[in-house]
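What follows is each chain in one-letter form.
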Amino acid sequence: TLTMEEAVAAEDAGTRETRFRAALSRFMTVTGSYPQTLHASRAQYRIATVYEALREPDIAAQEYVKLAYKYPDSEFSVYHSDQWYRELFARTGAVA
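Conventions and cut-offs
- Residues numbered from 1 in each chain as written.
- Predicted model: local features only at pLDDT ≥ 70, side-chain atom pairs only at ≥ 80, totals over all residues.
- Heavy atoms only, no water.
- Helix = DSSP H or I, 4+ residues; strand = E, 2+ residues; numbered from the N terminus.
- Buried < 20%, exposed > 50% of the residue type's maximum accessible area, 1.4 Å probe, protein only.
- Contact = heavy atoms within 4.5 Å.
- Phe/Tyr/Trp six-rings, centres within 6.5 Å; stacked < 30°, edge-to-face > 60°.
- Core = buried A, V, L, I, M, F, W, Y, C linked by side-chain atoms within 4.5 Å.
- Axes fitted to C-alpha atoms, helices over the stretch in contact; angles between N-to-C directions.
- Parallel < 35°, antiparallel > 145°, perpendicular 65-115°, else oblique.
- Left-handed = near helix turned anticlockwise from the far one by under 90°.
- Nonpolar A, V, L, I, M, F, W, Y, C, P; charged D, E, K, R; others polar.

Undergrad: Help me understand the environment of M4 in this model?
TA: Tracing the backbone shows M4 in helix 1 (residues 2–9). Since its relative accessible area comes to 8%, M4 is described here as buried. Once the C-alpha coordinates of M4 and R16 are considered, the two residues, 12 residues apart in sequence, prove to be 8.9 Å apart. In this structure M4 touches F20, A23, F27, R46, T49 and V50, once residues within four positions along its chain are discounted.

Undergrad: Explain the packing of aromatic side chains to me, please; I cannot follow it from the model alone.
TA: Any two aromatic rings considered together are summarised by their centre-to-centre distance and by the angle between their planes. This structure, assessed with the given rule, holds 2 aromatic pairs. Taking the centre distance of 6.3 Å and the plane angle of 65° together, the rings of Y45 and Y64 count as edge-to-face. Of this pair, Y45 sits in helix 3 (residues 38–53) while Y64 sits in helix 4 (residues 57–70), and the two are 19 residues apart along the sequence. Of the residues examined, Y64 reaches a relative accessible area of 3% and is grouped as buried. One aromatic cluster is present, formed by Y45, Y64 and F76 through successive ring pairs.

Undergrad: Just to check I follow, could you spell out the environment of Q36 for this structure?
TA: You can see Q36 is positioned in the loop between helix 2 (13–33) and helix 3. Residues Q36 and Y71, 35 residues apart in the sequence, show an inter-C-alpha distance of 9.2 Å.

Undergrad: So what exactly am I meant to see when it comes to the nonpolar core here?
TA: As a rule of thumb, soluble globular proteins bury nonpolar side chains together. Counting residues in each nonpolar core, the largest one holds 18 residues, and the members touching the most others are M4, F20, F27, V50 and Y51. If you list the elements that add at least two residues to this core, you get helix 1, helix 2, helix 3 and helix 4.

Undergrad: Which parts of the structure should I look at to understand the packing of helix 3 against helix 4?
TA: Across the interface, helix 3 lies against helix 4 with an axial gap of 7 Å and an inter-helix angle of 165°. Classified by the angle between their axes, helix 3 and helix 4 sit roughly antiparallel to one another. As helix 3 runs across helix 4, the sense of the crossing is left-handed. Together, S41, Q44, Y45, I47, A48, T49, Y51 and E52 of helix 3 and I59, A60, E63, Y64, K66, L67 and K70 of helix 4 make up the contact between the two elements. For the contact of helix 3 with helix 4, a count of residues per class yields 8 nonpolar, 3 polar and 4 charged.

As structure tokens, this is what we get:
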């Protein structure tokens, strides 16, 4: 999470993107290596939010869908709510 916090705080766009990509790599390691742990659902959620921050809404939307599919009972998965879809598409600009 430190890399993500550093990315948000970075003033330079290039540094920000580099740090977001580093955070993305770390979160993907968690979901790939430890998919059944409690940390994996949080990491999947963070992957989606990083893609939002990188202004890649279509990929962010796919990652949110993965979150809902892989971790339906997670506190980070609000799949059960129609409101979630409206908010997702409003945030990411993805097409339903």
